[in-house]
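What follows is the residue order along each chain.
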Amino acid sequence: MLSLALAALFWVVLHLVVAGPLRPALAGRLGEMGYSGVFSVLSAAGLVWLALAYRGAPYEPLWAPAPFWVPAVLVFLGFVLLAYSLGPGNPTQVAAERLGPELPVAGITRITRHPMLWAFALWALAHLTVNGHRAGVLLFGAILVTALNGMASIDRKRAARLGPAWDDFARRTSRLPFAAILAGRGELRLGELAVWRLGLGIALYAAALWLHGFL
């Protein structure tokens with residue numbers, strides 16, 4: 001369990017500290033490409049460490065697993081959000097400065113400006129509901145914490161880099177799904193949500209179910 005605890009700590013520190021307060025200094029020393037390369041390598045190493053440590057961790061139960069439908073629904077929503085997050089047009093996931101002086105609000109960004117991170121967060125939350133043991137809390141809890149923190153971190157970086165353009169985009173969108181719509185700051189336009197992306201999300205979900213035992 002010690003190895004898993006250290007792996008979870010490494011993952012959280014990497015994303016909350018190295019990608020947070022330390023990022024400007026490291027990027028200044030290594031350059032943006034150098035920093036991105038080092039961070040990617042460390043992230044990959046952290047994932048491998050987490051996976052191997054989790055497989056070797058003892059089973060120490062904390063709560064009873066939730067019914068199957070709970071994680072099934074959460075993971076399905078996660079895959080749908082992941083499918084809609086792929087591709088250009090979302091200032092939180094691409095080089096936003098290339099999108100022009102006005103950042104577009106369309107499609108999935110009307111629901112949430114962080115669809116990919118919500119996909120990861122829902123995946124982690126789903127697995128927490130059915131893995132109510134200490135190892136599960138360390139693994140999936142670490143991923144959930146970094147996914148949720150990532151939304152705030154990206155917002156801060158985009159606000160500093162893009163200024164008024166980001167402020168206007170953030171005003172018309174929300175981190176929490178549907179929050180801007182419910183608050184009257186945005187509107188839901190289902191016609192902007194490509195049906196093929198919904199189909200992709202369903203296909204990914206079906207594939208994950210089919211391969212889950214093997215993976």
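These figures come from a predicted structure and were not determined experimentally.

The rules behind each value
- Residues numbered from 1 in each chain as written.
- Predicted model: local features only at pLDDT ≥ 70, side-chain atom pairs only at ≥ 80, totals over all residues.
- Heavy atoms only, no water.
- Phe/Tyr/Trp six-rings, centres within 6.5 Å; stacked < 30°, edge-to-face > 60°.
- Helix = DSSP H or I, 4+ residues; strand = E, 2+ residues; numbered from the N terminus.
- Contact = heavy atoms within 4.5 Å.
- Axes fitted to C-alpha atoms, helices over the stretch in contact; angles between N-to-C directions.
- Left-handed = near helix turned anticlockwise from the far one by under 90°.
- Nonpolar A, V, L, I, M, F, W, Y, C, P; charged D, E, K, R; others polar.
- UniProt positions renumbered as here; feature names shortened; annotations may be inferred.
- Domains from an automatic or database assignment.
- Buried area = accessible area lost by both parts, 1.4 Å probe.
- Core = buried A, V, L, I, M, F, W, Y, C linked by side-chain atoms within 4.5 Å.
- Buried < 20%, exposed > 50% of the residue type's maximum accessible area, 1.4 Å probe, protein only.
- Polar contact = N/O pair within 3.5 Å; in protein donor to acceptor, adjacent residues only side chain to side chain.

### Here's the deal with the packing of aromatic side chains
Line of reasoning, step 1. In this structure the tally under the stated criterion is 7 aromatic pairs.
Line of reasoning, step 2. Between F10 and W49, the ring centres sit 5.9 Å apart and the planes meet at 50°, which makes this aromatic pair tilted. Here F10 is found in helix α1 (residues 2-18), whereas its partner W49 is found in helix α3 (residues 32-56), with 39 residues between them in sequence.
Line of reasoning, step 3. The interplanar angle of 70° and the centroid separation of 5.8 Å between the aromatic rings of Y54 and F140 together place this pair among those described as edge-to-face. Of the two residues, Y54 sits in helix α3 while F140 sits in helix α6 (residues 134-162), which places them 86 residues apart along the sequence.
Line of reasoning, step 4. Grouped by ring-pair contacts, the aromatic residues Y54, W123 and F140 constitute a single cluster.

### Regarding the environment of I143
Line of reasoning, step 1. Turning to its location among the elements, I143 is positioned in helix α6.
Line of reasoning, step 2. Between the C-alpha atom of I143 and that of L82, which follows or precedes it by 61 residues, the distance is 16 Å.
Line of reasoning, step 3. Sequence-distant contacts of I143, defined by excluding residues within four places in its chain, comprise W11, W123 and A124.

### Re the packing of helix α2 (residues 23-30) against α3
Line of reasoning, step 1. Two elements in contact, α2 and α3, have axes whose closest approach is 6 Å; the angle formed by their N-to-C orientations is 115°. Considering how the two elements wind past one another, α2 and α3 form a crossing that is right-handed. In contact with R23, L26, A27 and L30 of α2, α3 contributes E32, G34, Y35 and V38.
Line of reasoning, step 2. Each residue belonging to the contact of α2 with α3 can be placed in one class, and the counts come to 5 nonpolar, 1 polar and 2 charged.

### Observations concerning the UniProt feature "transmembrane region" (unreviewed entry) in the protein
Line of reasoning, step 1. UniProt records the feature "transmembrane region" (unreviewed entry) at residues 35-54, 66-86, 135-154 and 194-213, using the numbering of this structure.
Line of reasoning, step 2. The span residues 66-86 shows a helical share of 81% and a strand share of 0%, and its end C-alpha atoms are spaced 30 Å apart.
Line of reasoning, step 3. Measuring from the first to the last C-alpha atom of residues 194-213 gives 31 Å, for a span that is 85% helix and 0% strand.

### Focus on the domain arrangement of the protein
Line of reasoning, step 1. According to the domain assignment, the protein contains domain 1 (1-57) and domain 2 (62-212).
Line of reasoning, step 2. For domain 1 and domain 2, the distance between their C-alpha centres works out to 21 Å.
Line of reasoning, step 3. Across the boundary between the two partners, domain 1 contributes 13 residues, which contact 15 residues of domain 2.
Line of reasoning, step 4. In terms of surface lost to domain 2, no three residues of domain 1 exceed M1, L16 and Y54, which account for 40% of the buried area on that side.

### Re the nonpolar core
Line of reasoning, step 1. Counting residues in hydrophobic clusters, the biggest one holds 36 residues, and the most contacted among them are L4, L50, L81 and I108.
Line of reasoning, step 2. Within the residue set of this core, elements represented by two or more residues are α1, α3, α4 (69-85), α5 (115-130) and α6.
Line of reasoning, step 3. Broken down by element, the residue count for this core peaks at 9 residues, all from α4.
Line of reasoning, step 4. Counting contributing residues, this core receives three or more from each of domain 1 (1-57) and domain 2 (62-212).
Line of reasoning, step 5. Counting 7 residues, the second largest nonpolar core, distinct from the first, contains L103, V105, L162 and W166.

### Considering unusual backbone geometry
Line of reasoning, step 1. One non-glycine residue, F178, adopts positive backbone phi at about 70°.
Line of reasoning, step 2. Taking the relative accessible area as the measure of exposure, F178 reaches 40% and is therefore partly exposed.

### Here we look at the environment of H127
Line of reasoning, step 1. Structurally, the position occupied by H127 is in helix α5.
Line of reasoning, step 2. Between the alpha carbons of H127 and R156 there is a distance of 29 Å; along the sequence they are 29 residues apart.
Line of reasoning, step 3. In contact with H127, other than residues within four places in its own chain, are V75, F140 and H212.
Line of reasoning, step 4. A polar contact of 2.8 Å, which involves the side chain of H127, links it to the backbone oxygen of W123.

### What about the side chain of T146?
Line of reasoning, step 1. Within the secondary structure, T146 sits in helix α6.
Line of reasoning, step 2. Only 3.0 Å separates the side chain of T146 from the backbone oxygen of A142, close enough to count as a polar contact.
Line of reasoning, step 3. At 3.0 Å, the side chain of T146 and the backbone oxygen of I143 are in polar contact.
Line of reasoning, step 4. Ignoring anything within four residues of it in the chain, the contact list for T146 reads W11, V12, H15 and L16.

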